[in-house]
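Structural description and commentary
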Protein chains: 2
Amino acid sequence: MTRILIVDDDEPLLRALRVNLTARGYQVDTAGTAKAGLVAAGHHPPDLAIVDLGLPDLDGIRVVEGLRGWSRAPIVVLSARHSEPVKVAALDAGADDYVTKPFGMDELLARIRAALRRGTPAVPDAPVIRAGEVTVDLAMKRATGPDGEIRLTPTEWHLLEVLARNPGRLVEHRQLLREVWGPQYETETNYLRVHFANLRRKLERDPARPRHLITQPGIGYRLEL
Amino acid sequence: MTRILIVDDDEPLLRALRVNLTARGYQVDTAGTAKAGLVAAGHHPPDLAIVDLGLPDLDGIRVVEGLRGWSRAPIVVLSARHSEPVKVAALDAGADDYVTKPFGMDELLARIRAALRRGTPAVPDAPVIRAGEVTVDLAMKRATGPDGEIRLTPTEWHLLEVLARNPGRLVEHRQLLREVWGPQYETETNYLRVHFANLRRKLERDPARPRHLITQPGIGYRLEL
DNA sequence: TGAGGGCGTTAAGAACGCATCAAGATCCGT
DNA sequence: ACGGATCTTGATGCGTTCTTAACGCCCTCA
């Protein structure tokens, strides 16, 4: 689910945004001050941030800068001021859009859609992932191991697919379970152990000492390239 | 050189834009009608397009759609109309930004910079925090110390992650404990001491004299960049 | 100078996570 | 309905990680 963080101290607006965004399927976090916003972002990294420039404690531009220090999520700035230097400063600090109050909800939603649309690179990645002697062809739904093409069961393929879509990246237990089995199975880490054992037997040269299907104990698994 | 295509029939504005943009090192193409704009774009694919909605022959949204059919270059829409449905339509058609006339040249230039910045995948995706010989890759969930990649336990990674999301900033004991262990552990500063000792052993060259995992006595810890 | 608090370090047992195996249960095409 | 493949579930052994407690150090303050 797409996670949106709103940093604003305007209570009525906050409520309106929350209602509209949650109704459209976004998960919404809110913060009333700049500091609380940065803490919240650290706590739950957002996929998009909406930042009001007029905050009680710090200038909203500080929030933009703080987020840009580690996150590339799009940032939409809200402000009651038309002042051009302020707009320029906010955009150059790393904001992606600047909306002047008052604005219509539909416009803001459209701008959020536009920002998220270009945020996700639409999976332009190569359809075939190579990891040493292991290859995964996402388009063809085929995989090869050290001894050529491999026959995978549906669950095994699904698992491998999720890993291949995040090449080299660590994928947490929860994400794997949610994507393959569904949200209600998020605790069944046993499934992962069993099926990863089978996967390793099929496409690792030495299943006991895996080189590509790596376990990160307590966190998740990763397809090492 | 960055190539910008302007599709607008407002002659004075066109001249002003051309002067300002060329002065800043952009290569500028112009077209006075929608059809001419699409032809010009096909001739010299732009890195960014500025499209006025009020064109003599076709609605500017047609230009946006036409460009989006084959190009992913950012598109900034200009319009004299504040009408919200029009804004929504333009953004959903694939525009990246919407600027209402009259606007200041500095603002438009800032919005162009912002659009180009995210348009170029200059950094594909690297929320990587560098702190000297220590690096933390939040997306990959990987960390490296002076001797290359490091294996971290779940708790150690969680701690390091919180610090990395607040680069250079001081993070209080309470926040760390709440984030990693939960609100009811806010007083267990012992946990912090033990796990920070382990972290330092793994990624400080001289664990006894830490250079990056800094203690702020009585307050918290900080990831020194 | 002595007491106290915060910090770093260490060590040991408890708790947890992982790999593996094997036995049902379930799903599928024939 | 049958047989094979696949998935679920439980149990075991092993290694790792977390918790907890104890000790010594340094700094501050009385």
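Just so you know, these numbers come straight off a predicted model, no measurement behind them. All chains use their own residue numbering, which begins from 1 and follows the written sequence. Note on labels: chains are lettered from A, ligands numbered from 1, in written order. Local features are withheld for residues below a pLDDT of 70 in this predicted model, meaning they are given only at 70 or higher, and side-chain atom pairs are given and counted only at 80 or more; totals for whole chains, interfaces and linings count all residues. Water and hydrogen atoms play no part in the side-chain values, which are based on all heavy atoms of the structure.

Right, let's talk about the pairing of strand β8 (residues 142-145) of chain A for a bit. Residue and element names in this part refer to chain A. Side-chain alternation along β8 places A143 and G145 on a buried face and R142 and T144 on a face that remains uncovered. Sheet topology note: the strand β7 (residues 134-137)/β8 ladder contains 3 bridges and is antiparallel. Bridging from a neighbouring strand, V136 pairs with A143 of β8. Two strands qualify as a pair provided DSSP detects at least 2 bridges between them. Counting from the N terminus, the helices are DSSP H or I runs at least four residues long and the strands are E runs at least two residues long. Hairpin geometry of β7 and β8 is characterised by an intervening segment of 4 residues between the two adjacent antiparallel strands and by a positive phi of about 60° at K141. Pairing geometry for β8 and strand β9 (residues 148-150), over 3 bridges, is antiparallel. When the bridges of β9 are listed, A143 appears paired with I150. Accessible area is worked out with a 1.4 Å probe on protein chains only. A residue is then buried under 20% of its type maximum, exposed over 50%, and partly exposed in between.

What follows is about the pairing of strand β12 (residues 220-223) of chain A. Residues and elements named next belong to chain A. Side-chain alternation along β12 places G220 and R222 on one buried face and Y221 and L223 on a second face that is also buried. Inspection of the sheet shows strand β10 (residues 170-172) paired to β12 by 3 bridges, in the antiparallel sense. Within the sheet, the bridge partner assigned to L170 lies in β12 and is R222. Sheet analysis places strand β11 (residues 213-216) next to β12, joined by 4 bridges and oriented antiparallel. In the strand pairing of β12, Q216 is matched with G220. Count of turn residues in the β11/β12 antiparallel hairpin: 3 residues, of which G218 carries a positive phi of about 85°.

Turning our eyes to something else, we now look at the packing of helix α6 (residues 154-164) of chain A against helix α7 (residues 173-180) of chain A. Residues and elements named next belong to chain A. Every axis corresponds to a line fitted to the C-alpha atoms, with the helix fit spanning only the stretch in contact, and the corresponding angles, defined between N-to-C directions, vary from 0 to 180 degrees. It is at 10 Å that the axes of α6 and α7 come closest, and there the two elements cross at 130°. In terms of orientation, α6 and α7 fall into the oblique class. As α6 runs across α7, the sense of the crossing is right-handed. On α7, the residues touching T155, H158, L159, V162 and L163 of α6 are L176, E179 and V180. Charged residues are taken to be Asp, Glu, Lys and Arg, nonpolar residues to be Ala, Val, Leu, Ile, Met, Phe, Trp, Tyr, Cys and Pro, and polar residues to be all remaining types, Gly included. Split by residue class, the contact of α6 with α7 holds 5 nonpolar, 2 polar and 1 charged. Roughly parallel means an angle under 35 degrees; roughly antiparallel, over 145; roughly perpendicular, 65 to 115; everything else is oblique. Two helices crossing with the near one rotated counterclockwise from the far one by less than a right angle form a left-handed crossing, whereas a clockwise rotation gives a right-handed crossing. Any two residues having at least one pair of non-hydrogen atoms within 4.5 Å are treated as being in contact.

This paragraph deals with the layout of surface pockets. In this structure, the second largest pocket spans a volume of roughly 410 Å³. A pocket here means an open set of points on a 1 Å grid, computed over the protein atoms alone, that has protein on both sides within 12 Å along at least five of seven lines. A cavity is instead a set of points where a 1.4 Å probe fits but cannot get out; residues with an atom within 4 Å of a point line either one. If you go around the second largest pocket, you meet 24 residues; those closest to its centre are A:H82, A:K87, A:T100, B:H82 and B:T100. Counting residues per element, the ones that place at least two in the lining of the second largest pocket are α4 (84-92), β5 (97-100) and α5 (105-119) of chain A together with α4 (84-93), β5 (97-100) and α5 (105-119) of chain B. Looking at the lining of the second largest pocket, its residues break down into 8 nonpolar, 6 polar and 10 charged. Grid points are joined across faces, edges and corners, and a volume is the space filled by probe spheres set on the points.

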